[in-house]
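Take a look at the letters that make up each chain.
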Amino acid sequence: MVRTLDGTELSRVMRAEMAQDVAALQAAGVTPGLSVVLVGNNPASQAYVASKTRACEALGMRGQTLNLPEDVSKDELFAVIDRLNQDPTVHGILVQLPLPAHLPYKAVLEHIRPEKDVDGFHPLNAGLAFVGDPRAFVPCTPAGIMEMLRRENVPTRGKHVVIVGRSLIVSKPLASLLMAPGPDATVTLTHRHTPDLATYTRQADILIVAVGKQNLITADMVKPGVVVIDVGQNRVPDTSSDRGYRMVGDVDYDAVRQVASAITPVPGGVGPMTITMLLANTIQAARQTHAKQA
Ligand code: GUN
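Residues numbered from 1 in each chain as written. Predicted model: local features only at pLDDT ≥ 70, side-chain atom pairs only at ≥ 80, totals over all residues. Heavy atoms only, no water.

K.L.:
Mind showing me how you'd approach the packing of aromatic side chains here?
P.N.:
For any two aromatic rings, the description comes down to two numbers: the centre-to-centre distance and the angle of the planes. Evaluation of the coordinates by the stated rule reveals 0 aromatic pairs. Residue placement shows R235 over the ring face of Y245; its charged tip is 4.0 Å from the ring centre. (Phe/Tyr/Trp six-rings, centres within 6.5 Å; stacked < 30°, edge-to-face > 60°. Lys NZ or Arg CZ within 6 Å of the ring centre and 35° of its normal.)

Take a look at the structure:
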């Protein structure tokens, strides 16, 4: 019987635990605060940002969105980040990606104070995470996947994890977390230039797909009993929905479900876990700032 790895339910449990951490910090006079910077009006980004700040408020944290126009200059954006870097009520700063092409996203991410970089995208945090330093903010999607595997008792030691995709946001940090002492997985990273992708995906005990391409993984590309983690978030037209679209992942869910031992749905799998780990990172940032002041 295939198991559905339910990120919504796991998140509910974790957020209830975290609400207690927030209450303890508030009793000590600190309300964890997250500021999200959104440039332009990409509808998918607007939806993600809204759910991030809503989740903060539901936990008793401060969640703020700063909406900047599509044509904002680099200097104007830097000035906004400078202000947030200096604001003691802001513990976490997140600049929603992708940014418009005229903005140098690497320089923007490097402009965020590493202590407030709850996305974990600043090179200092990426480096700390790579060497396994616990001070690092670990990017939220990889952290959420690790937490899901742990809480769902999916063994990783000695297992072959095949990751499809090579992004800085998901795949690279995830590979480093999975191969570290503790998880002890054997990791294969594949990407768009990997010839005959199925040769690799068929070897996976755990298959993680983070590409952004509907139906990239079909049932003939996996082995029976595989655990499938689908990070894809693709909008497909759907006239039966009020919104006119629905979300699907990168995996042919109905067919692969027949073969897998466990699988994440889209929506309701990895997505909620990502937001949960963003809340966790913001609480960690607030706690670390508070510990320094005390
Ligand atoms: N865009 C898609 N995923 C993410 C994320 O985790 N953080 C940010 N800042 N932007 C994103």
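Here the narrative resumes, following the displayed structure.
K.L.:
Looking at this model, I keep getting lost on the nonpolar core. Mind explaining?
P.N.:
The tendency in soluble globular proteins is for nonpolar side chains to be buried as a group. Counting 48 residues, the largest nonpolar core has I145, L174, L178, I208, I229 and V231 as its most contacted members. Counting residues per element, this core draws most heavily on helix 10 (residues 270-293), which supplies 9 residues. With residues up to four places along the chain from it excluded, the contact list for L174 reads P142, I145, M146, I163 and I208. Grouped together as the second largest cluster of nonpolar side chains are 20 residues, V72, F78, V90 and L97 included. (Core = buried A, V, L, I, M, F, W, Y, C linked by side-chain atoms within 4.5 Å. Buried < 20%, exposed > 50% of the residue type's maximum accessible area, 1.4 Å probe, protein only. Helix = DSSP H or I, 4+ residues; strand = E, 2+ residues; numbered from the N terminus. Contact = heavy atoms within 4.5 Å.)

K.L.:
I tried to follow the site of the ligand on my own but got confused; where do I start?
P.N.:
Residues in close proximity to the ligand include L94, V95, Q96, L97, D119 and F121, which together make up its full environment. A distance of 3.3 Å separates a nitrogen atom of the ligand from a polar side-chain atom of Q96. Protein chains shield 81% of the accessible area of the ligand, which is 270 Å² for the free molecule. A class-by-class count of the residues in the shell around the ligand yields 4 nonpolar, 1 polar and 1 charged. (Near = heavy atom within 4 Å. Polar contact = N/O pair within 3.5 Å; in protein donor to acceptor, adjacent residues only side chain to side chain. Areas by Shrake-Rupley, 256 points an atom, 1.4 Å probe, with all protein chains shown as cover. Nonpolar A, V, L, I, M, F, W, Y, C, P; charged D, E, K, R; others polar.)

K.L.:
Explanation requested: helix 5 (residues 123-130) in the structure shown.
P.N.:
Regarding helix 5, the residues found buried are N125, L128 and A129. The buried residues of helix 5 occupy an angular sector of 100° when projected down its axis, which confines them to one face. Against the buried residues of helix 5 lie helix 7 (171-179). Among the residues trailing helix 5, G132 stands out with phi positive, at a value near 80°. (Arc of directions from axis to C-beta.)

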